[in-house]
Amino acid sequence: MTGPEDVLRSYSVFIFFADVCQSTVLYDRLGDQMASAIMVHALSVASQAASENGGRVIDTRGDEILCLFESAAGALSAANAIHAAVRRDEQMREHLITFRIGVHFGPIIQRGESLFGDAVNVAARLAAKAKTNQTVLSSEVRDSMPERLLGQLRSLGSETVRGKQGAHALYELLNVAGTAEITAVSQ
């Protein structure tokens, strides 16, 4: 007899991978108890931002979160919401918590709640390429975006992605909301 976990589904989706920066340093500085409480809080904030922007949280593990989105706009809004929430949250500011995020669009295979496929690996590799407070997108995401959102991207040029052949065009999501906040404060 087969159960729902044995059913394979294959479809294309926006894969969103976020990683807390410098978590090893945090654990070393604060110890396991306090650092893990901060990680749980940070991942909870990220999960909420993803859910509020149409994302489905698939997994949180250690200092990472994996989500799926049906639209580029939802994934990009969630990324900006996570970065903004970190800037507003007193506990995360105090402990210098930041995220680096990677977003890719491509086919996945889902068995139960587990995801498989090259697209999941690419999203994780893009998050690893991102700097603190940065969201890095693949050209597949850019090509799937509504034209009205293209002004929120900056080309990072072509770079290699570990495990992939050749160079790939990558883009940075500009934090338009963060820029508006900075402008408003400085006036």
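Placed above this text is the structure.
Reading the values: rules and limits
- Residues numbered from 1 in each chain as written.
- Predicted model: local features only at pLDDT ≥ 70, side-chain atom pairs only at ≥ 80, totals over all residues.
- Heavy atoms only, no water.
- Core = buried A, V, L, I, M, F, W, Y, C linked by side-chain atoms within 4.5 Å.
- Buried < 20%, exposed > 50% of the residue type's maximum accessible area, 1.4 Å probe, protein only.
- Helix = DSSP H or I, 4+ residues; strand = E, 2+ residues; numbered from the N terminus.
- 1 Å grid on protein atoms, 1.4 Å probe; cavity = no way out; pocket = protein on both sides within 12 Å on 5 of 7 lines; lining within 4 Å.
- Points joined across faces, edges and corners; volume = space filled by probe spheres on them.
- Nonpolar A, V, L, I, M, F, W, Y, C, P; charged D, E, K, R; others polar.
- Phe/Tyr/Trp six-rings, centres within 6.5 Å; stacked < 30°, edge-to-face > 60°.

S.K.: An account of the nonpolar core is requested, with residue identities and associated values reported.
M.R.: Of all hydrophobic cores here, the largest spans 37 residues; its most connected members are F16, F69, I97, F99, I101 and L137. Breaking this core down by element, the ones donating at least two residues are strand 1 (8-20), helix 2 (32-52), strand 3 (64-69), helix 3 (72-88), strand 4 (99-111) and strand 8 (167-173). Looking at which element gives the most residues to this core, the answer is helix 2, with nine residues.

S.K.: Report on the layout of surface pockets, specifying residues and quantitative values.
M.R.: Remark: the empty space left among the atoms is shown by a probe the size of a water molecule rolled over them. Of the volumes computed, that of the largest pocket is approximately 220 Å³. Looking at the largest pocket, it is lined by 13 residues, and the ones nearest its centre are I58, D59, R61, L66 and L115. Within the residue set of the lining of the largest pocket, elements represented by two or more residues are strand 2 (56-61), strand 3 and strand 5 (114-116). Considered class by class, the residues forming the lining of the largest pocket number seven nonpolar, two polar and four charged.

S.K.: Which residues make up the packing of aromatic side chains, and what are the values?
M.R.: Counting across every chain of the model gives two aromatic pairs. Ring centres of F14 and F105 lie 4.5 Å apart, and the angle between their planes is 45°; this geometry places the pair in the tilted category. Of this pair, F14 sits in strand 1 while F105 sits in strand 4, and the two are 91 residues apart along the sequence. Relative to F69, the ring of F16 lies with its centre 5.3 Å away and its plane at 55°, an arrangement referred to as tilted. With F16 in strand 1 and F69 in strand 3, this pair connects stretches of sequence that are 53 residues apart.

Read these as geometric descriptors, not functional statements.
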